[in-house]
Amino acid sequence: MKFFKIILFLASIYFVQSETEQVCESGKYPPDPKTSFVPTYVVNLDLPPTQRWLELSRKYEKPLRTLVTYIKQFVLEFSPKLQKLIDLIDNKLGFVADSLPQPYGEEIKGIANATNIELGELVLYNIFYEVFTLCTSIVGEDSSGKMYHARNLDFGLFLGWDIKNDTWVISELLRPLIMNINYTKGGELKYKTVTFFGFVGLITGVKPNAFSVSVNERFNSNGGYIGLFEWFLDINRNQAWTTLVARDCFENDDMDFNHVVKTLANTPLIAPVYYIIGGPEKQQGAVVTRDRAKAVDVWQLGTNNTWFIAETNYDHWKKPLIIDDRITPCNRCMDKLGKENMSFEGLFNVLSSKPVLNKLTVYSALIEPKSGRLETYIQFCPTPCDPF
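Here the structure is a predicted model, which is why all the values come from computation and not from measurement. For every chain, the first residue of the written sequence is number 1, and numbering continues from 1 along that sequence. It should be noted that, the model being predicted, local features are given only for residues of pLDDT at least 70 and side-chain atom pairs only at 80 or more, the latter also being counted only at that level, while totals for whole chains, interfaces and linings use all residues. Side-chain figures throughout are based on the complete set of non-hydrogen atoms in the structure, without hydrogens or water.

The next point concerns the nonpolar core. Phe196, Val213 and Tyr275 are the most contacted members of the largest nonpolar core, which totals 83 residues. Segments assigned H or I by DSSP are reported as helices when at least four residues long, segments assigned E as strands when at least two residues long, and all are numbered from the N terminus. For this core, the element with the most residues is helix α3 (residues 54-78), which contributes eight residues. The next biggest cluster of nonpolar side chains, apart from the first, holds 22 residues, and it includes Ala150, Met342, Phe344 and Leu351. Throughout this description, the term nonpolar core refers to a set of buried Ala, Val, Leu, Ile, Met, Phe, Trp, Tyr and Cys residues connected via side-chain atoms within 4.5 Å. Whether a residue is buried, partly exposed or exposed follows from its accessible area with a 1.4 Å probe, protein chains only, as a fraction of its type maximum: under 20%, in between, or over 50%, in that order.

Right under this line is the structure:
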């Protein structure tokens, strides 16, 4: 019955989108801090990995537990027989933490111990971001050559629709977990990220005067589920987790824009993905389209005289699904903005334009790769609004 409802829901999307007027917004920046504020915390990399998240674990244990509990309840709604799957996750999936590249497995263990949440459940929570995010990312330059990077993160598709509040349940539960993290070492800032508490990979980040990265899911038949099974069964662990290898780049002091593009283009991965990368210098922008083995395309800023490049969740040389075309409105609003008006304000207005902004959108991030300036805002899409 649930599957039938999902099919009907999808079938209605096209008609909803066709009736929604697509407007390039203005005057949205800065948003109201009462509803958009994202806190910033420090994670000290000099501490042992198991201790790095202790203080935040005490503060965020309740909303993280609420999210994990909902996911289990959602699974059981399909069939009570899936309780065996949940038991397997609680009792067996924790071993995956030991197989993860360090220090990430130890960080997850530290959070599990501090929150008393089952280790297997936190491993699953981290896996979700490897295979289940929808996003829009933009990298470009203004008329003086100053580089910018921006992204919307959309999460929660098909994980429960709240009919009463007209929203995705998971998206609502994720917003209280959004935070900016300043990673420090030796008392000095090393890099900045936007994350959800409990997730140790990197989906949005900037290393000042070096590079910035955002990670978007890529739909592919040889998808992340195959890579995950290969990892779990120890068939092939000579492949990297998409968000952990991204964080590896930030941990490495020898990385610059060009090295990051090369690394993220050539490292074998568990899942297909898009890496959107910005640099501090003029025309340092790229979208790396990945399958699991290698890059199938590296799209460089400046190709065909482009001053910006934007990526959602479809190969840029192909048409997106008719029920999920966020890229056409995004490109149209960027063209309307113009190179001379490229700024945090202009980018936030584009990211706030429907359907780039949709019911799945939980935050928008704005980045200057050279200075390391990072601004993050919780986002909501008021009805009428596309579900995704």
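There's more to say after this.
Pairs of cysteine sulfur atoms within 2.5 Å are identified as disulfides in what follows. A full pass over the atoms with the stated rule returns two disulfides. Note on cysteine connectivity: Cys24 is disulfide-linked to Cys333, with sulfurs 2.2 Å apart. Between Cys24 and Cys333, the S-S torsion sits near -95°, and that sign places the bridge as left-handed. One end of the pair, Cys24, is in the loop between α1 (2-19) and α2 (33-36); the other, Cys333, is in helix α12 (residues 327-337), and 309 residues separate them in sequence. Neither residue differs from the other here; Cys24 and Cys333 are each classed as buried. By sequence order of its bonded cysteines, the chain has the disulfide arrangement 1-2, 3-4. Summary of cysteine pairing: Cys135 is not part of a disulfide, and the nearest cysteine sulfur, belonging to Cys330, is at 12 Å. Given a relative accessible area of 0%, Cys135 falls into the buried group.

This part covers a nonpolar patch on the surface. Residues with no salt bridge and a relative accessible area higher than 30% make up the patches, which join like charges within 9 Å and nonpolar side chains (Val, Leu, Ile, Met, Phe, Trp, Tyr) within 5 Å. Method for areas: the Shrake-Rupley scheme with a 1.4 Å probe, in which residue coverage is limited to the protein chains shown. A side-chain nitrogen of Lys or Arg and a carboxyl oxygen of Asp or Glu constitute a salt bridge if their distance falls within 4 Å. Together, Tyr225, Phe229, Leu233 and Ile235 make up a nonpolar patch on the protein surface, roughly 500 Å² of accessible area in all. Position of Phe229 among the secondary structure elements: in helix α9 (residues 224-232).

Another point: unusual backbone geometry. Following Gln102, the chain continues to Pro103 via a peptide bond in cis, the omega torsion being 15°. With respect to the element layout, Pro103 can be found in the loop between α5 (95-99) and α6 (104-115). Here the amide bond leading from Thr383 into Pro384 is cis, since omega sits at 5°, within 30 degrees of zero. Position of Pro384 among the secondary structure elements: in the segment after β15 (373-378). Phi is positive for Asn116, which is not a glycine, with a value near 60°. Its place among the elements puts Asn116 in the loop between α6 and α7 (119-131). You can call Asn116 exposed: its relative accessible area is 63%. Residue Gln283 is not a glycine yet carries a positive backbone phi of 65°.

Note on pairing: DSSP must find at least two bridges between two strands before they are called paired. An order of β13-β2-β3-β14-β15 is seen for the five strands of this open sheet, with the pairing classed as antiparallel. Only two strands of the sheet have a single neighbouring strand rather than two, namely β13 (308-311) and β15. Put simply, the sheet's adjacent strands are angled 10° from each other on average, direction ignored. Sheet strands in contact with α12 are β2 (133-141) and β13, and its direction is about 160° off that of β13. Whether two residues are in contact is decided by their heavy atoms: any pair within 4.5 Å suffices. Axis angles are defined between N-to-C directions and span 0 to 180 degrees, where every axis is a line fitted to C-alpha atoms and, for a helix, only to the segment in contact. Where helix α13 (residues 344-351) meets the sheet, its contacts fall on β2, β3 (147-155), β14 (361-368) and β15, and the angle it forms with β14 comes to roughly 155°.

Another point: the packing of α12 against α13. At a minimum axis distance of 9 Å, the contact between α12 and α13 shows a crossing angle of 150°. The angle between α12 and α13 places the two elements in the roughly antiparallel class. At the point where α12 passes α13, the crossing takes the right-handed sense. Along the contact surface, α12 presents Cys330, Cys333, Met334 and Leu337, while α13 presents Gly346, Leu347 and Val350. Here the word oblique covers every angle except those under 35 degrees (roughly parallel), over 145 (roughly antiparallel) and from 65 to 115 (roughly perpendicular). What makes a crossing left-handed is the near helix being turned counterclockwise from the far one by less than a right angle; a clockwise turn instead makes it right-handed.

This part takes up the packing of helix α10 (residues 242-251) against helix α11 (residues 257-266). Packed helices, taken two at a time, are described by the angle between their axes plus the distance between the axes. In contact at an axis separation of 11 Å, α10 and α11 are set at 155° when each is read in the N-to-C sense. As judged from the angle between their axes, α10 and α11 are roughly antiparallel. You can see that α10 and α11 cross each other, and the crossing is right-handed. From α10, Val245, Ala246 and Cys249 reach across to α11, where they touch Val260, Thr263 and Leu264. Under this grouping Gly is polar, as are all residues other than the nonpolar Ala, Val, Leu, Ile, Met, Phe, Trp, Tyr, Cys and Pro and the charged Asp, Glu, Lys and Arg. For the contact of α10 with α11, the class distribution of residues is five nonpolar, one polar and no charged.

The quantities given are spatial measurements derived from coordinates; they are silent on function.
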